[in-house]
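Fold and contact review
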Amino acid sequence: MAQQFNPQNIKKRTSVLVFIKGTTAPLVLYVENPQELYTELTQLMKTTSNVLVEKETQGPLKKVCFAANQIAAIAMQEEQYV
């Protein structure tokens, strides 16, 4: 018998996806304020100087570090979970 899920138990969370040049899979970052991180990273993409980005996250990746000039794209993803 298939397990039935109560729609009230389904929650949503938003992650920030960072696509690094030369890689196939994005970094999936779960943070407290994803919109703020998205805005910060898009502003860094506009600068010409090389900035080191280091963030602590709440998901499987606990700490991440990458060069801002290596960012190819950024996205926000909303997902449902129980």
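You'll find the structure just up there.
In this report, the structure presented in the accompanying data block is examined. (Residues numbered from 1 in each chain as written. Predicted model: local features only at pLDDT ≥ 70, side-chain atom pairs only at ≥ 80, totals over all residues. Heavy atoms only, no water.)

Quick notes on the overall build of the chain
Counting its secondary structure elements, the chain contains 1 helix and 5 strands. Starting at the N terminus and ending at the C terminus, the chain contains elements arranged as β-β-α-β-β-β. In terms of overall dimensions, the chain is more spread out than a globule: its C-alpha atoms have a radius of gyration of 15 Å, far above the 12 Å expected for 82 residues. Counting the 82 residues in the chain, one finds 28% classified as buried. Of the contacts made within the chain by residues no fewer than 6 positions apart, 61% connect residues no fewer than 24 positions apart. As presented, the chain carries roughly 6,000 Å² of accessible surface, and 50% of it is formed by carbon and sulfur atoms. (Helix = DSSP H or I, 4+ residues; strand = E, 2+ residues; numbered from the N terminus. Rg over C-alpha atoms; globule rule 2.2 N^0.38 Å. Buried < 20%, exposed > 50% of the residue type's maximum accessible area, 1.4 Å probe, protein only. Contact = heavy atoms within 4.5 Å. Areas by Shrake-Rupley, 256 points an atom, 1.4 Å probe, with all protein chains shown as cover.)

Regarding the sheet that holds strand β5 (residues 71-81)
The antiparallel open sheet is built from 3 strands, whose spatial order is β2-β1-β5. This sheet does not close on itself; its edge strands, each paired only once, are β2 (27-29) and β5. Within this sheet the neighbouring strands show an average axis-to-axis angle of 25°, counted without direction. Pairing of strand β1 (residues 11-20) with β5 involves 10 bridges; the strand directions are antiparallel. Across the sheet, Lys11 pairs through a bridge with Tyr81, a residue of β5. (Pairing = 2+ DSSP bridges. Axes fitted to C-alpha atoms, helices over the stretch in contact; angles between N-to-C directions.)

What about the pattern of salt bridges?
Inspection of the entire model under this criterion finds 4 salt bridges. With its nearest N and O atoms 3.7 Å apart, the salt bridge here joins Glu78 to Lys12. Of the two residues, Glu78 is situated in strand β5 and Lys12 in strand β1; the sequence distance between them amounts to 66 residues. Pair check on accessibility: Glu78 and Lys12 agree, each one exposed. Two residues, Lys63 and Glu54, come together in a salt bridge whose shortest N-O distance is 3.5 Å. (Salt bridge = Lys/Arg side-chain N within 4 Å of Asp/Glu carboxyl O.)

Concerning the packing of aromatic side chains
Within this structure, the stated rule accounts for 0 aromatic pairs. Here the basic side chain of Arg13 rests over the ring of Tyr81, its NZ or CZ set 4.6 Å away from the ring centre. (Phe/Tyr/Trp six-rings, centres within 6.5 Å; stacked < 30°, edge-to-face > 60°. Lys NZ or Arg CZ within 6 Å of the ring centre and 35° of its normal.)

What about the environment of Phe19?
Summarising the element assignment, Phe19 is placed in strand β1. Under the relative-accessibility criterion, Phe19 is labelled partly exposed at 30%. Put simply, Phe19 and Ala75 are 56 residues apart on the chain and 8.3 Å apart in space, counted from C-alpha to C-alpha. When sequence neighbours within four positions are dropped, the list of residues in contact with Phe19 reads Pro26, Gln70, Ile71, Ala72, Ala73, Ile74 and Ala75.

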